[in-house]
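What follows is each chain in one-letter form.
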Amino acid sequence: TAAEGLILTGQGSTSDITFKNDADAIVFSIPTGTDDILFPDNAKAMFGAGSDFQIYHDGSNTYLKDAGTGGTIFLSNAFSFKNAADDEQVILASEDGAVTLYHNGVAKLGTASTGVDIASSANTQLTITSTSGIGSIEVGSAASNAAFIDLKTPSSDDFDVRLSSSGDGDGGSLTVASGSFSILGSAESMATFTNNGAVTLYFDNAIKLATVTGGVNVTGT
């Protein structure tokens, strides 16, 4: 009737509602007692005047295909990508919050209000590899501001060593907060710079020149 619309009911307690095409192939079916819609392998749900957006399964992989001229836009307050067992997070994106990438269920990289955070309870590593070009890290800043890289232990302390550019764009500096800074070769010292102390130069791991209060000490000829 006009009030009820079109109602299709399976015949018998175990019968499905099945839709077939002209070749008598199943397009999709609705099993009795469920709200599921079953599509066979390679059957596509198509959207758009040109069937631009397609959802299908080929028996091995599942596809969400946008073949149109535009992009695919996802609208949601949060996105959560998990494994098939629904017990391991892969990607989590929250509105007004972070986008976080996981490895083996543990958060490794997340966006923050100040940039990007890389964190781990184990060893943390940032690897940049180029197989045919140049691998590089660039740290830039606005005009009149220095760009710098801090090394610090523990992570909550102020820096132990800072590599910095000058704010005027003319050179830079290497700052040691306390203690000493060393340049090392393979299992040997090449130079050491001690805070409030000597600058020492080595040859084959033996001291040859060191600054002292009154000038320099030279070892050898």
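Here the structure is shown first, and the text comes after it.
Quick summary incoming for the structure in this document. Given the structure is predicted, the values throughout are model-derived calculations rather than measurements. (Residues numbered from 1 in each chain as written. Predicted model: local features only at pLDDT ≥ 70, side-chain atom pairs only at ≥ 80, totals over all residues. Heavy atoms only, no water.)

### Quick word on the overall build of the protein chain
Scanning the protein chain for helices and strands turns up 0 helices and 18 strands. A globule of 221 residues ought to have a C-alpha radius of gyration of about 17 Å, yet the protein chain, at 33 Å, is considerably larger. For the protein chain, the spread of C-alpha atoms along the principal axes amounts to about 110 × 40 × 35 Å. Across the 221 residues of the protein chain, 9% fall into the buried class. By sequence separation, contacts in the protein chain at least 24 residues apart represent 0% of the contacts at least 6 residues apart. (Helix = DSSP H or I, 4+ residues; strand = E, 2+ residues; numbered from the N terminus. Rg over C-alpha atoms; globule rule 2.2 N^0.38 Å. Buried < 20%, exposed > 50% of the residue type's maximum accessible area, 1.4 Å probe, protein only. Contact = heavy atoms within 4.5 Å.)

### Considerations on the environment of Val-161
Position of Val-161 relative to the elements: it lies in strand β12 (residues 161–165). It is 8.1 Å that separates the C-alpha atoms of Val-161 and Phe-181, two residues lying 20 residues apart in sequence. Every residue in contact with Val-161, bar those within four places of it in the chain, is listed here: Ile-149, Asp-150, Leu-151, Leu-174, Thr-175 and Phe-181.

### What about the sheet that holds strand β4 (residues 53–57)?
What the 3 strands build is an open sheet, ordered β3-β4-β5; its pairing is antiparallel. Strands with a single pairing partner mark the edges of an open sheet, and in this sheet they are β3 (45–47) and β5 (62–66). The sheet shows a mean angle of 10 degrees between the axes of neighbouring strands, taken without regard to direction. Sheet topology places β3 next to β4; 3 bridges connect them, and they run antiparallel. Across the sheet, Phe-47 pairs through a bridge with Phe-53, a residue of β4. (Pairing = 2+ DSSP bridges. Axes fitted to C-alpha atoms, helices over the stretch in contact; angles between N-to-C directions.)

### Comments concerning the pattern of salt bridges
Evaluated as defined, the whole model comprises 2 salt bridges. Where Asp-150 meets Arg-162, a salt bridge forms, and the shortest distance between an N and an O atom there is 2.6 Å. Note that Asp-150 is positioned in strand β11 (residues 148–151) and Arg-162 in strand β12, a separation of 12 residues in sequence. Given a relative accessible area of 22%, Arg-162 falls into the partly exposed group. (Salt bridge = Lys/Arg side-chain N within 4 Å of Asp/Glu carboxyl O.)

### Quick look at the packing of aromatic side chains
This model, assessed by the stated rule, comprises 4 aromatic pairs. Taking 6.0 Å as the distance between ring centres and 90 degrees as the angle between the ring planes, the aromatic pair formed by Phe-74 and Phe-79 counts as edge-to-face. Taking the relative accessible area as the measure of exposure, Phe-79 reaches 27% and is therefore partly exposed. Of note, Lys-44 hangs over the ring of Tyr-56, and the distance from its end group to the ring centre comes to 4.7 Å. (Phe/Tyr/Trp six-rings, centres within 6.5 Å; stacked < 30°, edge-to-face > 60°. Lys NZ or Arg CZ within 6 Å of the ring centre and 35° of its normal.)

### A look at the pairing of β4
Residues Gln-54 and Tyr-56 of β4 are buried on one face, while the alternating residues Phe-53, Ile-55 and His-57, pointing to the opposite face, are not. As consecutive antiparallel partners, β3 and β4 are separated by 5 residues, and within that stretch Gly-48 has a phi angle of approximately 100 degrees, a positive value. Where β4 and β5 come together, 5 bridges link them in antiparallel fashion. Counterpart to Ile-55 in the pairing with β5 is Leu-64.

### What about the environment of Leu-92?
Summarising the element assignment, Leu-92 is placed in strand β7 (residues 89–94). Among the residues examined, Leu-92 registers a relative accessible area of 26% and is labelled partly exposed. In this structure, Leu-92 is in contact with Phe-79, Ser-80, Ala-98, Val-99, Thr-100 and Tyr-102, ignoring residues within four places of it in sequence.

### A closer look at the environment of Phe-79
Along the chain, Phe-79 falls in strand β6 (residues 78–82). The sequence separation of Phe-79 and Thr-127 amounts to 48 residues, and the corresponding C-alpha distance is 27 Å. Those residues in contact with Phe-79, other than ones at most four positions away along the chain, are Phe-74, Ile-91, Leu-92 and Ala-93.

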